[in-house]
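Structure assessment
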Amino acid sequence: MKRALERLYNGIIKENPTFVLMLGMCPTLATTTSLMNGIGMGLTTTLVLVLSNVVIAALRNLIPNGVRVPAYIVIVATMVTIVQFLLEAYLPSINDALGIYIPLIVVNCIILGRAESYASKNPVIPSLFDGLGMGLGFTVALSLLGAFRELLGAGTVLGYRIIPENFSISIFVLAPGAFFVLACLVAAQNKIRAAKGKKPQEGCNGDCGGCTSRCGNPKEEVEA
Amino acid sequence: MPKFLKDALILCAITISSGLLLGLIYEVTKAPRAEQEIRKQQEACEAVLESADTYTELDYDAAAAASYIEGAGITPSEVTVGSVMEGKDAAGMTVGYVITVTPSEGYGGDIEFTVGILNDGTVSGVSILSIGETPGLGMKADTADFLDQFANIKTKKFVHTKTGKGEPTEELAEIDAISGATITTKAMVKGVNAALLCFDYLTGKEDSAE
């Protein structure tokens, strides 16, 4: 139980995939034009992340090291397609809202990243919570980004008007706005971390457990 | 057994079982997915042609319709006309048609939408099926403010205007362009015009057959 909570905390705060690991930037920038889109993309990714983490953790002793990446991609693509079929058949309203984002999840590097760095080395239950934590962290980040972009760019939140239309700055719902908002949010969370006495993370932070690069010399790089 | 062969066999086994699983799920969800597709089409029809009760797909000569529309100045590379649904009331009488058109000259490419046209040629509604325009600009095409401009107007041709629309006539009706999204507006107007021409073709052909 403690390990499960630690995984959730790790995914949402400590190693938030968007704000700290900087993974999955393409869907982050592309789909957060509104709060609803951000939430939708986040939750769908969470579902796929949990399913693929569980399957990969269950098969971790079976998958040979040499062909692990193709094996992960096959598993992730299968999970995404299954989720898409199920949504199309039984939850059409969610499918209508998210339809275009679902195929994008196959190429989301968070999923491959978690498979490689966590699910392939840990048992099923912690992997499930790792997927859930990472997914929720992604959802929180996308929702924040979507909320700011929708508020500034369209003057609404979840479709409710907050700022009069004449004062909205439409660049925020266009591609450059995504970079502006993301940069400001990352800067803000680094500031908060710095205030708490934690160094803002740049590249390698010496945490080999959660790293995929396998460089083998953690401390040197951080000090250099 | 050499290592590479073992690796390849395991990967192959994973791929085959994934394929089988997908095939299974595909078959299990096939019927409900087809139902949803029909329901969606039905809803799209209802949105633009309320007065009909049932909708059946009309079998028409698409190539001839396309050349008729091209003759009137809209080429297939600008707008393609897709399926045509015939709307019938409870008594089985045709009340109008729902025509799916896809103009390809939107700012973000294709825009697919349905146009409902009553028997007398009045546009009863326009509803967008898929659109990928710029959020905040061209995406405003998918709002009631814009789409309702087409509804309940009987005319031969729509044109867009940036200076405030006047009263529609039998020959011409003006549509207020979306500000900052003239290309989207043009594509939408062209699509509706193509649907009107397709309607002309369909009804014209019936007249000559009688």
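Calculation rules
- Just so you know, the residues in each chain are numbered from 1, in the order the chain's sequence is written.
- The order in which chains are written sets their letters, starting at A; the order in which ligands are written sets their numbers, starting at 1.
- Totals for whole chains, interfaces and linings use every residue, but because this is a predicted model, local features are given only for residues with pLDDT of at least 70 and side-chain atom pairs only at 80 or more, for both listing and counting.
- C-beta atoms are placed from the backbone for every residue, and two residues are taken to be in contact when these atoms lie within 7 Å.
- Counting from the N terminus, the helices are the DSSP runs of H or I reaching at least four residues and the strands are the DSSP runs of E reaching at least two.
- Amino acid classes used here: Ala, Val, Leu, Ile, Met, Phe, Trp, Tyr, Cys and Pro are nonpolar; Asp, Glu, Lys and Arg are charged; the rest, including Gly, are polar.
- A pair of strands is treated as paired once DSSP finds two or more bridges between them.
- Helix axes use the C-alpha atoms of the stretch in contact, all axes being lines fitted to C-alpha atoms, and the angles between their N-to-C directions lie in the range 0 to 180 degrees.
- Each angle gets one of four labels, with under 35 degrees taken as roughly parallel, over 145 as roughly antiparallel, 65 to 115 as roughly perpendicular, and the rest as oblique.
- In this scheme, a crossing is called left-handed if the near helix is turned counterclockwise away from the far one by less than a right angle; it is called right-handed if the turn is clockwise.
- Here, expected helix span is obtained from the residue count minus one, scaled by 1.5 Å.
- Our exposure labels follow a C-beta count within 10 Å of each residue's own C-beta, placed from the backbone: buried means 20 or more other C-beta atoms, exposed means 12 or fewer, and partly exposed covers the counts in between.
- The pLDDT score gives, residue by residue, the confidence of the prediction method on a 0 to 100 scale.

Digging into the interface of chain A and chain B
Reports of interface size often rely on the accessible area that becomes lost once the parts have come together. On the side of chain B, 19 residues touch chain A, which itself brings 24 residues to the contact. The biggest single contributor to the side of chain A that touches chain B is helix α4 (residues 68–90) of chain A, with 12 residues. By residue class, the composition of the side of chain A that touches chain B is 17 nonpolar, six polar and one charged.

Notes on the environment of L49 of chain B
All names here are of chain B. Assignment of secondary structure puts L49 in the loop between α1 (3–48) and β1 (54–57). The spacing of L49 and K88 is 39 residues in sequence and 9.9 Å in space, taken between C-alpha atoms. Excluding residues within four positions of it along the chain, L49 makes contact with G87, G96, V98, G116, S124 and G125.

Section: the sheet that holds β1 of chain B
Residue and element names in this part refer to chain B. Read across the open sheet, the six strands follow the order β1-β2-β3-β4-β5-β6; overall the sheet is antiparallel. Each end of this open sheet is capped by a strand with a single partner; those strands are β1 and β6 (153–154). Those strands touched by α1 are β1, β2 (79–88), β3 (94–103), β4 (112–118) and β5 (122–130), and its axis lies near 145° from that of β5.

Quick notes on the packing of helix α7 (residues 124–154) of chain A against helix α8 (residues 175–195) of chain A
All names here are of chain A. Look at α7 against α8: their axes get within 10 Å of each other, and the N-to-C directions meet at 125°. As the angle between them shows, α7 and α8 are arranged oblique. You can see that α7 and α8 cross each other, and the crossing is right-handed. For the pair α7 and α8, contact is made by L144, L145, F148, R149 and G153 and by G177, A178, V181, L182 and L185, respectively. A breakdown of the residues in the contact of α7 with α8 according to their chemical character gives seven nonpolar, two polar and one charged.

A few points about α4 of chain A
Between its first and last C-alpha atoms α4 of chain A spans 33 Å; for 23 residues at 1.5 Å apiece the expected length is 33 Å, and the two agree. Within the sequence span of α4 of chain A, burial applies to A71, Y72, I75, V76, T78, M79, V80, Q84, L87 and E88 of chain A.

Side note on the confidence of the model for chain A
Looking at chain A as a whole, its pLDDT mean stands at 83, while 86% of the residues score no less than 70. Mean pLDDT across the elements of chain A ranges from a minimum in helix α9 (residues 218–223) of chain A, with 42, to a maximum in α7 of chain A, with 92.

Considering unusual backbone geometry
Even without being a glycine, M22 of chain A presents a positive backbone phi close to 55°. Here M22 of chain A shows up in the loop between α1 (2–14) and α2 (25–31). By the C-beta count within 10 Å, which is 14 here, M22 of chain A ends up partly exposed. One non-glycine residue with positive phi stands out, namely N152 of chain B, at about 60°. The residue N152 of chain B is located in the loop between α3 (144–147) and β6 in this model.

Here's the deal with the environment of E46 of chain B
Residues and elements named next belong to chain B. The residue E46 is located in helix α1 in this model. In this structure E46 comes out as partly exposed when scored by C-beta crowding, with 17 C-beta atoms within 10 Å. Distance in space between the C-alpha atoms of E46 and G19 is 38 Å, their sequence separation being 27 residues.

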